[in-house]
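Summary of structural features
Okay, here's what each chain looks like letter by letter:
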Amino acid sequence: MKGFLLIAMTIPLLSGCAYQSTGVYERPDGKAFNLPNQFRIASASHWQRVAENEAKLLKQRVAGKALIVERNHSSNFSAIYYNLLTGGLVKNGATVFTEDRLGTVKITYEVHIVNHSGGKMTPGLADRDHWPVLSAAAYYILSEAVSIAKVPPAVFAEQTVKNLSSATEIIITTRAIHQARLLYSNSNVYYIDGINQGEYRQTPPAPPPPQINPSEWMWSYRPTK
């Protein structure tokens, strides 16, 4: 009986954290897509796997053609991804040049960051920042009531919040171009932790040096006695 009461108390706690309809809203309620799992990039080894997978697809599409990968130094990821992609292409038997030659196919890639807001989530308990606390509380209540939570609290919390904790994504688009003709274009979307988006964000260009007017410099100069 005690376990039943604890479970009954837990259900409203979890359900109250779900998205709520306010009844009046400027957009209609959305319906979730039924999609397969989306990969999350969380380490440099994941960067390598992404590059090697793209290299295999490129090799299939532009087999037998000489390639050159255009360097992209817009972010730390973009600079490193060049090395990983060229290495993956060579590993798969592609002919890769480091300088442009007549007839080579140019490989380019772009990285874009997408940040999603939390949507129509009710304030207070539904705030995403409160999810870890709520998940931990639910874990311990359920484990005390009945032995159905047989995983560590961190794993339980991750499975509870699911994609609500991943509001940041990156889109990597790779293209193969030959004489202004698009031979290949592919975009892949991955989750990343928002705190790591600086690795993918374009570095702003350095400000130009201040311009000095020679006439102003001459008038400001005063020889010492």
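First things first, this report covers the structure right here in the doc.

Conventions and cut-offs
- Residues numbered from 1 in each chain as written.
- Predicted model: local features only at pLDDT ≥ 70, side-chain atom pairs only at ≥ 80, totals over all residues.
- Heavy atoms only, no water.
- Helix = DSSP H or I, 4+ residues; strand = E, 2+ residues; numbered from the N terminus.
- Buried < 20%, exposed > 50% of the residue type's maximum accessible area, 1.4 Å probe, protein only.
- Contact = heavy atoms within 4.5 Å.
- Salt bridge = Lys/Arg side-chain N within 4 Å of Asp/Glu carboxyl O.
- Phe/Tyr/Trp six-rings, centres within 6.5 Å; stacked < 30°, edge-to-face > 60°.

**Thoughts on the overall build of the chain**
- Along the backbone of the chain there are 6 helices and 5 strands.
- A buried classification covers 28% of the 225 residues belonging to the chain.
- Once local pairs closer than 6 in sequence are excluded, the contacts in the chain between residues at least 24 apart make up 74%.

**Side note on the pattern of salt bridges**
- In the structure shown here, the tally under the stated rule is 4 salt bridges.
- Among the ionic pairs, Lys-106 bridges to Glu-70, the shortest N-O distance being 3.6 Å. Of this pair, Lys-106 sits in strand E3 (residues 105-115) while Glu-70 sits in the loop between strand E1 (66-69) and helix H3 (76-91), and the two are 36 residues apart along the sequence.
- On the basis of relative accessibility, which here comes to 34%, the residue Lys-106 falls in the partly exposed class.

**Considerations on the environment of Ser-117**
- Along the chain, the position of Ser-117 falls in the loop between E3 and helix H4 (131-145).
- In this structure Ser-117 comes out as exposed when scored by relative accessible area, which is 66%.
- Distance in space between the C-alpha atoms of Ser-117 and Thr-168 is 9.1 Å, their sequence separation being 51 residues.

**Focus: the packing of aromatic side chains**
- Enumeration over the complete set of coordinates arrives at 5 aromatic pairs.
- Taking the centre distance of 5.1 Å and the plane angle of 25 degrees together, the rings of Phe-77 and Tyr-81 count as stacked. Remark: Tyr-81 and Phe-77 occur in helix H3; sequence separation between them is 4 residues, near one turn of the helix. You'll find Phe-77 and Tyr-81 in the same group, each marked buried.

**A word on unusual backbone geometry**
- Positioned with a positive phi, Gln-179 is a non-glycine residue whose angle comes to about 50 degrees.
- Mapped onto the fold, Gln-179 is located in the loop between strand E4 (168-178) and strand E5 (181-192).
- Positive phi is not limited to glycine here, since Ala-180 has a value of about 65 degrees.
- Following the sequence through the fold, Ala-180 ends up in the loop between E4 and E5.
- We classify Ala-180 as exposed; its relative accessible area is 79%.

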